[in-house]
Every structure is written in C-alpha cells, then in structure tokens.
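Structural overview
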Amino acid sequence: MGFARTCSVALVGVEGVVVEVQADLEPGVAAFTLVGLPDKSLTESRDRVRAAVVNSGGEWPQKKLTVGLSPASVPKAGSGFDLAVACAVLGAAERIDPRVLADIVMIGELGLDGRVRPVRGILPAVLAAADAGYEQVVVPECAAAEATLVPGVSVLGVRSLRQLIAVLTDEPVPEEEPDDQGRPDPLLAGLRLPGAGSATGMHSMGAAHHDQGHDLADVIGQTSARTALEVAAAGGHHLFLEGPPGAGKTMLAERLPAVLPALGRQESLEVTAIHSVAGLLPPGKPLIDLAPYCAPHHSATMQALVGGGQGVARPGAVSLAHRGVLFLDETPEFSSHALDALRQPLEAGHVVIARSAGVVRFPARFLMVLAANPCPCGRFSRRDTLCECPPSAIRRYQARLSGPLLDRVDLRVEADPVTRGELARRGARGESTAAVAERVRAARDRAAARFADTPWRTNGEVPGHELRTRWHAAPGAMDEAERGLERGVLTARGLDRVLRVAWTVADLRGHGRPEASDVTLALQLRTGVPRGVPMALGVPA
C-alpha cells in the first residue's frame, strides 16, 4: 500500500483554507475515486490528471486509487487542485519521495499535455498558505509574479508537470519552450474571464487608465461639483451629482480615481486579491497600486452589484471598487432592489452573502458616486422652463432613489449646464488633477495623524458617536446644523455626516478643527441648498 499527501488551497470568497490532498493506493481493480466535496470541475480532474501524468512521461498506477481532500466539510471548487492531486498520486506510486511533498502547497490546473495553467485567486491562496505557516508554494510560471507579492514564502513557478517532477526528484529540469508563433501565450487565458474587458466597466486599471489624457482642468465651470469631488476624495465621502445631460457628471467621476492617493501596501494586496478571484487581474500587472474604478451599466442585477451568482459566490461591483470608486451613471434607471442592496455595504464596508453551501464575506469599502438627471427628459431646472415633463413624472423619476439610500450619501450637488460663454472663454482652465491631488493628500495626512491610534484613516469611516465624543468642532460651529435636525431637515445620521464633512473641509483648509464656515459649507454640500458661502477650496484659509 502506498500513501502520500501534499497541500493546496480552497477559496471561500477572498479567504483561503489550506486543504490536505491525500492519495492512497491499494491492491484491487484499477479505479480512481475523488472524495471531499468536490464540484464538477474538480471531479473532472481525474481525467485531466491521468492524461497529464502519462503525457509527462510518468506511469499511471494500475491499482485502486483514492484521493481525499481534507477537511472534507469544506466545499472545494475549481481546477486549481490538479497539480496537488497529480503529485500526491505520484508520491503514493513512489515516483516522488512522499516526504518531499508533505510541506509544499501546490496551486495550478493541468492541461492534458502536462502544461500547468494559471487559475484565478493565486494571491489570496498564497496569503492563506503563508498564514497557515507554509513556506514553500508551487504555482504556474506565468502567475509567479503574483505569488511573490506575499513575503516570507518561497515561490516556485513551473511551466509543466515534468518540470515539477524533475525539481522534486533532483533530476535535470527540462526546458519548456513558450509559444513562439506570434500568438498570445495560451496559458495566460486562465487569468481572465471572458467578457471582462474595459468595455464592461468591471476592469481594474484604476487611475492609470483614467489619467491618460484626462485632467480635471478639462472640466469647464462646475465650481460646486469640483469642490464636492475634492471633499469626497479627501474624506472618503459618497457623492450625488444631479444635472442635465452634458453638464460633465461623467467627466468628473472618471477623473476622481486619479485624485485619490495611491494605495498602501496592505490596501494593494486587498484590491489585488479581489480582482484575482474575479478573474480581472490583467497579465503583466500582478499588483494593483492605484484606486480601482468600476462603472457598471444600469441594467446590472443585484447579484452583479453586491456579488453572488449561482454556485460559488463571486465578488460584485461593490467589491471590485474596494478602496476605489463605484460610479453609477443614470442611477434612477437601476433596479430599486439593486440600489437598496447597497445600504448595508455603505455602512459596514463589507458584503456578506449567505448561500446553502456557506457564507461568503467580501470587502466593499468604496467611494460611491451617483449621477442622475433631474427628470426623464433631463431639462428640469429651477431657473428655466424648458422641461415638458408633468410634475407626476418628475416625482416618480426622483422617487426611484430611496430616502434611506440618499441619507447615506454625504455630498449632494447640482451640476449646472455649461454656458456658451464658458465654452468660448480661453485660458480659463481650472486647477489640474495634480494640484487637487496634492491638496487631497495633505488633508488625508492630517486626518491620518488625528486617527493614528484608531482603526480609521479617513473622516468618512469614523462612527458618529466617536466623532461627537472625541473630536469636537469649535464652540457654536454646529448650531445651524443642530437647528436643521430640530426642524426635520436633517436626520441624526445626517447630522453626523455633516460633522464628518466639516472635518474634511477643515483638513483641506488647514484648520485645527471645524469652524462655523466649515460647517456651513458642509451643510451646503450635504443638502444642496445654497447658503451663501464660497465654494472654492483652492487656497487654504
């Protein structure tokens, strides 16, 4: 009887569980049994592994073979166990020393010819292996750069099963020539999902993608909207832009990722892990260090927004926008169920998806930007009468955005239509993205210093109770906002959000704590009602 074991990783959301892959050979009729809650693609590994071993020059054992995946109570999905199953079988057949395999984690899919193909979720799988104390990991060669992002782990990238067998048996390692016929390497196909290009709005190019030829200086006018964009970036506040078509709402949203600071090391690993699991990590870019940008179409379902789907739950748009920007253009056209599903992640910073197979938790701390027309025709305004929509149609259109959802949005501004004079004026470009980004970075540094001994880093993350009890505004600064609470203009949550925005305005202006002018500007940004305060933040006070 032969026995061998090695390890692989089962992903549950973006978290990994180390799985011990055990192979047992017994005398009897040749058969291959795979146990341990495998899904369909994992069950099919029996045929892939057998063909890969034979085509790699190995001999398939003609005995009763049982492969167990332990712990058996954890559902296992995907083809990433192929490499571990093949090596465990070869270890049980004594082609490889079983003692060499015991402390190695192997992740990869096998082709019928023995080539090792990449799978999604390499980074979170290696992170799970490192957390479990494993120091040696074998991954596909084209995914080795992603695996090496995890410190303290020795990564071996292999292109074929025969290469791995040679390494484990101290034999000469054969050379595997890449495809040199001018076509893309077919092994890279495992890193991306079909239909996951930039046209879907679900890409991970982040600020780098939107900063090419895009600058805030290109936005004409829109002083209020530009100020709201800057405050949103500095404090992590959600933003609602309302205005007629062509006013520049999408232009502003597309330029927001470049205003956000670059991601820290831990944040980059979080974002990269999510995009790796989703199959959206572009080849050649193993680490995402810029804020991601996700703009789903208004026909997206609730599962597409918050995550889920049939079988293994997949991250949705709110998780793909983690640490970045989620832009919902034409927001009233989204399903009301999909929009209301955003309430919980907006407050908690994560999404919990319950399925019969288990519960999955995805990170979802994003900056949300909503954009909407004021009415179905888009021409409704307090200053003119171009709109021909009946009042009932306007009310129905605006009612598609529920009050509880809008109450979670800190900033609401109206994007005014651009006039002919503003378009014709030369030399009147606004501040550049670089200038605004520098001011945002300085404001975030002030907030980070204030929250140094807390789990929060931006004003938008701080709970209202903590903000009211530990960080106070100047005496009398909140009087006007508190009167708004008494009159019913603000809810208790709204009052807390006004205080958060006031702290961000104070950070941008260089004030030690919010003053009356900072709170007044925060109220104007929160309610959208003009209060006679200047909107420009170009020069700190």
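In this text, all values refer to a predicted model and were calculated from it rather than measured experimentally.

Considering the sheet that holds strand E12 (residues 325-328)
Across the sheet, five strands lie side by side as E11-E12-E15-E10-E16; this open sheet has parallel pairing. On the outer flanks of this sheet lie strand E11 (293-294) and strand E16 (411-414), each paired with one strand and no other. By the bridge criterion, four bridges tie strand E10 (residues 239-242) to E16 in an arrangement that is parallel. Across the sheet, residue Phe240 finds its bridge partner in E16, namely Arg412. In the packing of helix H9 (residues 223-235) onto the sheet, the strands contacted are E10, strand E15 (367-372) and E16, and the crossing angle to E16 comes to about 160°.

Concerning helix H23 (residues 516-527)
Its twelve residues give H23 an end-to-end C-alpha distance of 16 Å, which sits within 8% of 16 Å, the value for a rise of 1.5 Å per residue. Among the residues of H23, Asp518, Val519, Thr520, Leu521, Ala522, Leu523, Gln524, Leu525 and Arg526 are the ones counted as buried. Buried residues along H23 sit in contact with H9, helix H17 (403-407), E16, helix H21 (479-487) and helix H22 (492-509). Directly after H23, the chain includes Gly528, whose backbone phi takes a positive value near 80°.

Digging into the pattern of salt bridges
Under the definition given, this model contains 26 salt bridges. For Arg439, the salt bridge identified is with Glu230, shortest N-O distance 2.6 Å. A residue pair is termed long-range when its members are at least 10 positions apart, and Arg439 in helix H19 (residues 433-450) and Glu230 in helix H9 qualify at 209 residues. For the pair formed by Arg439 and Glu230, the shared burial category is buried. The partner of Glu438 in a salt bridge is Arg441, and the shortest N-O contact between them spans 2.4 Å. Here Glu438 pairs with Arg441, and both are found in helix H19, just three residues apart, close to one helical turn.

The rules behind the values
- Residues numbered from 1 in each chain as written.
- Predicted model: local features only at pLDDT ≥ 70, side-chain atom pairs only at ≥ 80, totals over all residues.
- Heavy atoms only, no water.
- Pairing = 2+ DSSP bridges.
- Helix = DSSP H or I, 4+ residues; strand = E, 2+ residues; numbered from the N terminus.
- Contact = heavy atoms within 4.5 Å.
- Axes fitted to C-alpha atoms, helices over the stretch in contact; angles between N-to-C directions.
- Expected span 1.5 Å × (residues − 1).
- Buried < 20%, exposed > 50% of the residue type's maximum accessible area, 1.4 Å probe, protein only.
- Salt bridge = Lys/Arg side-chain N within 4 Å of Asp/Glu carboxyl O.

Remember, this is a structural readout, not a statement about activity or role.
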